[in-house]
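# A look at the structure
The residues making up each chain are set out below.
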Amino acid sequence: MTLEADSITIRLVDNSSEDRDSTTILVHDGETLLEAMLRRGIEIKHACRNAACGICLTPLLEGEIDYQGRIPRGLSKQEEEDGYILPCIATCKHAITLDSHRWSS
Ligand code: FES
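Under an unreviewed UniProt entry, the name given to the chain is Ferredoxin, and the source organism is Marinomonas mediterranea. Its UniProt record, at the heading Cofactor (unreviewed entry), says of the chain: "[2Fe-2S] cluster". Its UniProt record gives the chain a comment under Sequence similarities (unreviewed entry), which states: "Belongs to the 2Fe2S plant-type ferredoxin family."

## Some thoughts on the overall build of the chain
If you tally the helices and strands in the chain, you get three helices and five strands. In the chain, the succession of helices and strands from N to C terminus is β-β-α-β-α-β-β-α. Expressed as a percentage of its 105 residues, the buried residues of the chain come to 24%. Long-range contacts, defined here as pairs at least 24 residues apart, represent 59% of the contacts in the chain between residues at least 6 apart.

## Thoughts on the environment of Ala 51
On the secondary structure map, Ala 51 appears in the loop between helix H1 (33–39) and strand S3 (58–62). What Ala 51 contacts, discounting residues up to four positions off in sequence, is Arg 70, Pro 72, Arg 73, Gly 74, Leu 86, Cys 88 and Ile 89.

About the criteria used
- Residues numbered from 1 in each chain as written.
- Predicted model: local features only at pLDDT ≥ 70, side-chain atom pairs only at ≥ 80, totals over all residues.
- UniProt positions renumbered as here; feature names shortened; annotations may be inferred.
- Helix = DSSP H or I, 4+ residues; strand = E, 2+ residues; numbered from the N terminus.
- Buried ≥ 20, exposed ≤ 12 C-beta atoms within 10 Å, placed from the backbone.
- Contact = placed C-beta atoms within 7 Å.

Structure follows, in structure tokens:
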């Protein structure tokens, strides 16, 4: 797949594997990170899709996400401080990198 220079992408890195396999996914405008990953066939654990259950909890390795004014209720203060995000309501304006090891095994 060819990516345009200004494309917004999610790079998924499995930090638990020795070779740190990675996958790059294009994010469409207005699409949540969860929607982008599901569209590409990435099997990320999810349930509520509204930031309540915390099942989609994922470490953000690089970049910034935006909850667009929504409150990630399923994310504790400690998890937030430790760099975790909830992809089901998160969007991004620039390329980000996520650690996929929690839900790729
Ligand atoms: S799917 Fe429930 S918090 Fe993301």
